[in-house]
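Structural description and commentary
Spelled out from the first residue to the last, the chains are:
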Amino acid sequence: MSEHILVEREQGLLTLRLNRLDKKNALTAAMYAGLADALEAAEGDSSVRVVMIAGSADCFTAGNDIVDFLEQPPTGPDSPVFRFMRALMDFSKPVVAAVAGPAVGIGTTLLLHCDLVCVSRDAKLKMPFVNLALCPEFGSSYLLPRLLGHARAAQLLLRGDGFTGEQAGAWGIAGEVLADGAATLERARQAAQELLSLAPSALAVSKRLMKAPYIDELRRVVREEGDVFVGRLSTPEAIEALSAFTQRRQPDFSKFI
Ligand code: COA
């Protein structure tokens, strides 16, 4: 297990805590592998009834580690990030997310696959995929327009507009908006505890029924997005964008037609 993923157990609640604060909880392949392993094990462990994904009171995650993207990019379905997101999308039990501070890239995308999402009012969410010359991932190109309509989704996915926890609540990306990070972590824990008192198989069938009408289409989109995303990582546009981040400069796309 990666030292940057803390796995905490409190009765039937399993908490996966992102713990790489010096890099704003940016997610490496090793961290995705740790998350995937923990979720896969939790799926088969009947003593785990609810999972919570959290960061700290002032940082959820800065998204994929960009240095890692350059050094060991995901190559396909067996790559750790794909394993993690597949395990999350297929997870049959309720998943609670506690979001405070930055929730960038996959840090926002993954919320679309959680059940109860608690967010701090001033959390900073963002999906800068096109800004990095990449493309939407793991169903966001399907789920966001469905949730927000095309025009608002285009602002977030094509232009990479940032938005607050308050807005995430108003738009239905988060279910509960809290005053600050500490209140968010506390409320998410409480919400998870509330789920623990409910009948587990009733929760599981209800979650399955909520997703049943669109899950096949979602899986098809996720496969297509994954193919395009992996392909884009080696394009000159993406290498320019990712290198620009590591060199602390703005990317220059003017040479691309
Ligand atoms: N990948 C790799 N390293 C990252 C990172 C990422 N996604 N996000 C932050 N870091 C690193 C920074 O390089 C910095 O490292 P250093 O201390 O060795 O210089 C450290 O984490 C702290 O980040 P910093 O930018 O100084 O923190 P901040 O509070 O000013 O800003 C963010 C926080 C999240 C707004 C900002 O770091 C950011 O925009 N990160 C990139 C987000 C991104 O584009 N993610 C990819 C989405 S696909």
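Residues numbered from 1 in each chain as written. Predicted model: local features only at pLDDT ≥ 70, side-chain atom pairs only at ≥ 80, totals over all residues. Heavy atoms only, no water.

- The protein chain has the name Enoyl-CoA hydratase in an unreviewed UniProt entry, where Pseudomonas schmalbachii is given as its organism.

Details of the overall build of the protein chain
- Scanning the protein chain from terminus to terminus reveals 11 helices and nine strands.
- For 257 residues, the compact-globule estimate of 2.2 N^0.38 gives 18 Å, and the protein chain sits close to it at 17 Å.
- Expressed along its principal axes, the backbone C-alpha trace of the protein chain runs to roughly 60 × 40 × 35 Å.
- Within the protein chain, the proportion of its 257 residues that are buried is 52%.
- Accessible area of the protein chain: about 11900 Å², with a carbon and sulfur share of 55%. (Helix = DSSP H or I, 4+ residues; strand = E, 2+ residues; numbered from the N terminus. Rg over C-alpha atoms; globule rule 2.2 N^0.38 Å. Buried < 20%, exposed > 50% of the residue type's maximum accessible area, 1.4 Å probe, protein only. Areas by Shrake-Rupley, 256 points an atom, 1.4 Å probe, with all protein chains shown as cover.)

Description of the layout of surface pockets
- Taken as a whole, the largest pocket encloses approximately 950 Å³ of empty space.
- As for the largest pocket, its lining consists of 39 residues, of which Ala62, Asn64, Ile66, Leu132 and Phe245 are closest to the centre.
- Those elements that provide at least two residues to the lining of the largest pocket are helix H2 (66-71), helix H3 (80-90), strand S5 (102-104), helix H10 (215-233) and helix H11 (236-246).
- Across the lining of the largest pocket, the residue classes tally to 23 nonpolar, seven polar and nine charged.
- Considered as a void within the structure, the second largest pocket measures approximately 570 Å³ in volume.
- Around the second largest pocket, the lining is made up of 23 residues, and of these Leu112, Cys114, Asp115, Met210 and Tyr214 lie nearest the centre.
- Broken down by secondary-structure element, the contributors of at least two residues to the lining of the second largest pocket are strand S6 (116-120), helix H5 (140-148) and helix H9 (200-211). (1 Å grid on protein atoms, 1.4 Å probe; cavity = no way out; pocket = protein on both sides within 12 Å on 5 of 7 lines; lining within 4 Å. Points joined across faces, edges and corners; volume = space filled by probe spheres on them. Nonpolar A, V, L, I, M, F, W, Y, C, P; charged D, E, K, R; others polar.)

Let's talk about the nonpolar core
- Grouped together as the largest cluster of nonpolar side chains are 67 residues, with contacts concentrated most on Val51, Phe84, Leu88, Val99 and Leu144.
- Setting aside anything within four residues of it in sequence, one finds leucine 88 in contact with Leu39, Ile53, Val95, Leu110, His113 and Cys114.
- The next biggest cluster of nonpolar side chains, apart from the first, holds 13 residues, and it includes Val50, Val96, Ala192 and Leu203. (Core = buried A, V, L, I, M, F, W, Y, C linked by side-chain atoms within 4.5 Å. Contact = heavy atoms within 4.5 Å.)

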